[in-house]
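# Fold and contact review
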Amino acid sequence: MSTRIRRTTAVLALAVGLGTHAAGGQRIYWTDFDLPENKIQRANLDGTDVEDLVTTGLTFPASMVIDRAAGKMYWIDRILHNPDKIQRANLDGSNVEDVVAVAEPNELKRIALDVGTKTMYWTTRDTIFRANFDGSNVEEVLVVKSLLREIALDRAAGKMYWVTWTSPSDMIQRANLDGTDVEDLVTTGLIQLEGLALDPTGGKMYWTDSTHNPYDAKIQRADLDGSNVENLITSDLVLTHGLDLDVAAGKMYWTQSYIPNQSIRRANLDGSSIETVLTGGLRVPHALALDLCGDGLIGLKTGEQCDDAGESLTCDVDCTPPACGDGVLNTTAGEACDDGFNDACGSCNADCTGPGTGSTCGDGVATCPENDACDDGFTDDCGTCNADCTGPGTGSTCGDGVVCPETEACDDGNTESGDGCDAACQFDLGACCIGVGCDITTLAGCLDSDGSFFGFNTTCNAPDADGDGLRDECDGCPDDSNKIEPGTCGCGVDDTADSDLDGVPDCDDLCPGVDDAFFGDCTGTIPTVSVWGLLILALLLLAIGKVVFRDRLRRYRFS
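This section reports on the structure supplied with the text. (Residues numbered from 1 in each chain as written. Predicted model: local features only at pLDDT ≥ 70, side-chain atom pairs only at ≥ 80, totals over all residues. Heavy atoms only, no water.)

### Concerning the overall build of the protein chain
Helix and strand counts for the protein chain stand at 1 helix and 25 strands. Every one of the 559 residues in the protein chain was classed for burial, and the buried ones make up 44%. Expressed as a percentage of contacts within the protein chain between residues at least 6 apart in sequence, the contacts between residues at least 24 apart total 33%. When the accessible surface of the protein chain is totalled, it reaches about 27,200 Å², and 53% of it is carbon and sulfur. (Helix = DSSP H or I, 4+ residues; strand = E, 2+ residues; numbered from the N terminus. Buried < 20%, exposed > 50% of the residue type's maximum accessible area, 1.4 Å probe, protein only. Contact = heavy atoms within 4.5 Å. Areas by Shrake-Rupley, 256 points an atom, 1.4 Å probe, with all protein chains shown as cover.)

Structure below.
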């Protein structure tokens, strides 16, 4: 056994950032280094709720793994000019401990855990070691005599996989967990492997081939025996490092430390649907590990209630017992669907055996929580609920000329009262019903078919004794349904009647039955000569006299 290795149990008094999460929450952990601000952080799988966990005492945190069952995280800190060491802490960053240390700097490379036997494996420059989780019983497993990097374990198959940096190509190898039966798996086409992750259930291994040249960088996978190498992602990859898999969700996560595009990204296991999970606040993200259920061990400290390494009759993929309405589909347990509710509406019925009945948005009853976050009785976006009943509406603006039936009875484009629509966009029953809101001739838009005012138990502008649509106090002729002003003849009399068609209304015509516009004697003769009549007669006589005089003068000249 190498004399360079020693164990220490000193507990470091480090300042740590503590966070609280719901039990069983699944998160990403990563190391971020850029002296003097090296730290270990975590976030939800979608990149939200970033927390600083360990922020002091770190030099170059280069590799990390999660022991979900025990609620611990392990990492390697490579210390310039000082011994490298393996450290661990609780998942919230508390209780940091040194577990293994080596005398030479830049010696430790990568770490992996066998949570079943509570054994950790790690690589140095040329040797694979293992020890108990507390650092005891250190063993030299295999001397490779090459520059070692990544290491990953297939606990069920009893195999360990590792990466060696060789020329002209890096190489992926594997052996039994005791170091026997070494195999070369992938030996060509590799430039600089920086991440290695296994999917034993799917029979695949994944790795990042990192380089400063973006035209060569790629994420690849192959069968566990090294056959069928596939390119998954071949663009926009520079200095990719940490890699881990969420097999249950069909996702892979990796870090990219190339400045200025530092990020944590993810994609489907086939390389499709690439997403940037996190960019802000990262300096040089390096190692990455996922805190996920599914390792086959029940992590009581992380809230797991079961763990069958996947879906089973008694356990969901999120490590909780199957239950209709929990939102996790478990076909092995007999569920045909699970929309997160156990009622008959929505997409799934109450016992998760088939489709639900759905709900009716706009019926005014929010009884189906799957689809009805709200229901104000309308299927538009104004009011208190939006058009598909999934969230709040935009509300309405009185005076914009658009009626929002949830809150407005009318909207005449202004916020003035007295014109039939008041300042709150409700019908103004106190107005005189002129213009908007009521047609005083036909009462269109004012009276409903039953005589009510838009459902109010009152006639338009009541009281209205003559029923002409104008309330009595605004009506100049409140007892005349044909008039709102007295006009020429007064209330109750028709101003338009002109029996003799002489242009004078009957109510103001001395002789309403005779056309006496010229003579004005009510008979059509000339018994009484008016001043105008005499003037006209004089003019006629004068004209006749002139004609007679001219005729006589002409005869005299020619005689």
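What follows continues from the structure just given.
### Focus: the sheet that holds strand β19 (residues 218-223)
Across the sheet, which stays open at both edges, the 4 strands sit in the order β17-β18-β19-β20 with antiparallel pairing between neighbours. Looking at which strands have only one partner, the edges of the open sheet turn out to be β17 (193-199) and β20 (230-233). Within the sheet, the average angular offset between the axes of one strand and its neighbour, ignoring direction, is 25°. Bridge count between strand β18 (residues 204-209) and β19: 6 bridges; the pairing is antiparallel. By the bridge assignment, Trp-207 is partnered in β19 with Gln-220. (Pairing = 2+ DSSP bridges. Axes fitted to C-alpha atoms, helices over the stretch in contact; angles between N-to-C directions.)

### Re the sheet that holds strand β2 (residues 27-32)
Taken in spatial order, the 4 strands line up as β4-β3-β2-β25 in an open sheet, and their pairing is antiparallel. Across the chains shown, the open sheet's two edge strands, defined by having one partner strand only, are β4 (51-54) and β25 (285-291). In this sheet, neighbouring strand axes are inclined to one another by 30° on average, regardless of whether the strands run parallel or antiparallel.

### Description of the state of the cysteines
Within this structure, the stated rule accounts for 9 disulfides. Here Cys-477 engages in a disulfide with Cys-491; their sulfurs sit 2.1 Å apart. With the S-S dihedral at roughly -80°, the linkage between Cys-477 and Cys-491 falls on the left-handed side. Highlighted residues: Cys-477 in the loop between β25 and α1 (531-558) and Cys-491 in the loop between β25 and α1, separated in sequence by 14 residues. Cys-491 sits in the partly exposed class, given a relative accessible area of 41%. (Disulfide = S-S within 2.5 Å.)

### Observations concerning the side chain of Thr-123
Note on placement: Thr-123 falls in strand β10 (residues 119-123). Accessibility expressed as a relative area gives 0% for Thr-123, which makes it buried. Within the structure, Thr-123 has its side chain in polar contact with the backbone oxygen of Arg-149 (distance 2.8 Å). Every residue in contact with Thr-123, bar those within four places of it in the chain, is listed here: Glu-107, Leu-108, Lys-109, Arg-110, Ile-128, Leu-148, Arg-149, Glu-150 and Ile-151. (Polar contact = N/O pair within 3.5 Å; in protein donor to acceptor, adjacent residues only side chain to side chain.)

### Re the nonpolar core
Judged by nonpolar contacts, the single largest core of 17 residues is most densely connected at Tyr-74, Ile-86, Ile-111, Leu-113, Met-120 and Trp-122. Among the elements of the structure, β6 (72-77), β8 (97-102), β9 (111-114), β10 and β11 (127-132) are those that each provide at least two residues to this core. The dominant element in this core, judged by the number of residues it contributes, is β8, at 3 residues. The contact partners of Tyr-74, leaving out residues within four places of it in the chain, are Ser-63, Met-64, Val-65, Asp-67, Gln-87, Arg-88, Ile-111, Leu-113, Met-120 and Phe-133. (Core = buried A, V, L, I, M, F, W, Y, C linked by side-chain atoms within 4.5 Å.)

### Section: the pattern of salt bridges
Counting across every chain of the model gives 21 salt bridges. A salt bridge links Arg-155 to Asp-114, with the shortest nitrogen-to-oxygen separation between them at 3.8 Å. Placement of Arg-155 in the loop between β13 (147-154) and β14 (159-165) and of Asp-114 in strand β9 is noted, with a sequence separation of 41 residues between them. Residue Arg-155 is classed as partly exposed on the basis of its relative accessible area, which comes to 39%. With a relative accessible area of 3%, Asp-114 lands in the buried category. Taken together, the shared-partner salt bridges in this structure form one network comprising Arg-110, Arg-149, Glu-150 and Glu-194. (Salt bridge = Lys/Arg side-chain N within 4 Å of Asp/Glu carboxyl O.)

### Remarks on unusual backbone geometry
Going from Ser-167 to Pro-168, the amide bond is cis rather than trans, its omega being 10°. Relative to the elements of secondary structure, Pro-168 occurs in the loop between β14 and β15 (171-176). Positive phi values are uncommon outside glycine, yet Asn-228 reaches one of about 55°. Topologically, Asn-228 is positioned in the loop between β19 and β20. Even without a glycine there, the phi angle at Cys-352 is positive, about 60°. Mapped onto the elements, Cys-352 comes out in the loop between β25 and α1.

### What to know about the environment of Trp-207
Residue placement: Trp-207 occurs in strand β18. Given a relative accessible area of 0%, Trp-207 falls into the buried group. A sequence separation of 14 residues divides Trp-207 from Arg-221, and the C-alpha atoms of the two residues are 6.3 Å apart. At 2.9 Å, the side chain of Trp-207 and the side chain of Gln-220 are in polar contact.

### Looking at the side chain of Asp-32
Among the secondary structure elements, Asp-32 is positioned in strand β2. Salt bridges are absent for the buried Asp-32, whose nearest opposite-charge side chain, Lys-39, sits at 5.4 Å. The residues contacting Asp-32, other than those within four sequence positions of it, are Glu-37, Asn-38, Lys-39, Gln-41, Gly-281, Leu-282, Arg-283, Val-284 and Pro-285. (Lys, Arg positive; Asp, Glu negative; His and termini not counted.)

### What to know about the packing of aromatic side chains
All told, the structure shown has 3 aromatic pairs when counted by the stated rule. Plain terms: the ring middles of Tyr-74 and Phe-133 are 5.5 Å apart, the flat faces sit at 50° to each other, and that makes the pair tilted. Of this pair, Tyr-74 sits in strand β6 while Phe-133 is found in the loop between β11 and β12 (139-143), placing the two residues 59 residues apart along the sequence. The exposure class of Tyr-74 is buried, given its relative accessible area of 1%. By relative accessible area, Phe-133 is classed as buried at 8%. For the cation-ring pair, Arg-149 lies above Trp-165, with the distance from its terminal atom to the ring centre recorded as 4.1 Å. (Phe/Tyr/Trp six-rings, centres within 6.5 Å; stacked < 30°, edge-to-face > 60°. Lys NZ or Arg CZ within 6 Å of the ring centre and 35° of its normal.)

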